[in-house]
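# Structural features, examined
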Amino acid sequence: CLLLRLAMFLLVASSLLATWTELSANGSWPTPRHGHSAVFCPRRGWMLLFGGNAFDPTNQLFRFDVARSEWAQLKLAGPPSKREGHTATFTADGRMVVFGGYSGKFLSDVWELAEAPAAAAEDGVAAADDGAAA
């Protein structure tokens, strides 16, 4: 019982020490939007932001590199249709999976963005940043 109380105290104390900090960043920022999804790739230290509504539904994909505090828009071949209000998750094997959403009608499709092997992924992302299809 004493150990459980100590653990609860440490949990509460550590949550009281947490604070929000707005990050400054460089690069190609996404326009303000709502209804988008964002997932985190721990292996690369990237947040991927997809879709949402920026006055109209969009299918834009952005990467935020946490270590570099830098945004980049990724223009990959064959993206899902424009959508907002969808869900997304990042799987343990390195895939972003997107489900459903809304784009003038309700959607029930499933899409995946598979992560390429390390060397190819770096080359593919660099090419995508330049506007070329990966």
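### Some details on the sheet that holds strand β5 (residues 70–74)
One open sheet accounts for 5 strands, arranged β1-β5-β4-β3-β2; its pairing is mixed. Both edges of this open sheet fall to β1 (26–27) and β2 (37–41), since each of them pairs with a single strand only. Across 5 bridges, the pairing between strand β4 (residues 61–65) and β5 is antiparallel. Paired with Leu61 across the two strands is Leu74, which belongs to β5.

### Details of the sheet that holds strand β7 (residues 95–102)
Pairing is antiparallel in the open sheet, where 3 strands are placed in the order β6-β7-β8. Edge positions in the open sheet fall to β6 (87–90) and β8 (106–114), since each of these has one partner strand only. Across the sheet, the mean angle from the axis of one strand to that of its neighbour is 10 degrees, orientation sign disregarded. In this structure, β6 lies alongside β7, joined through 4 bridges in antiparallel fashion. Considered in β7, the bridge of Thr87 is made with Phe99.

What counts and how
Residues numbered from 1 in each chain as written. Predicted model: local features only at pLDDT ≥ 70, side-chain atom pairs only at ≥ 80, totals over all residues. Heavy atoms only, no water. Pairing = 2+ DSSP bridges. Helix = DSSP H or I, 4+ residues; strand = E, 2+ residues; numbered from the N terminus. Axes fitted to C-alpha atoms, helices over the stretch in contact; angles between N-to-C directions.

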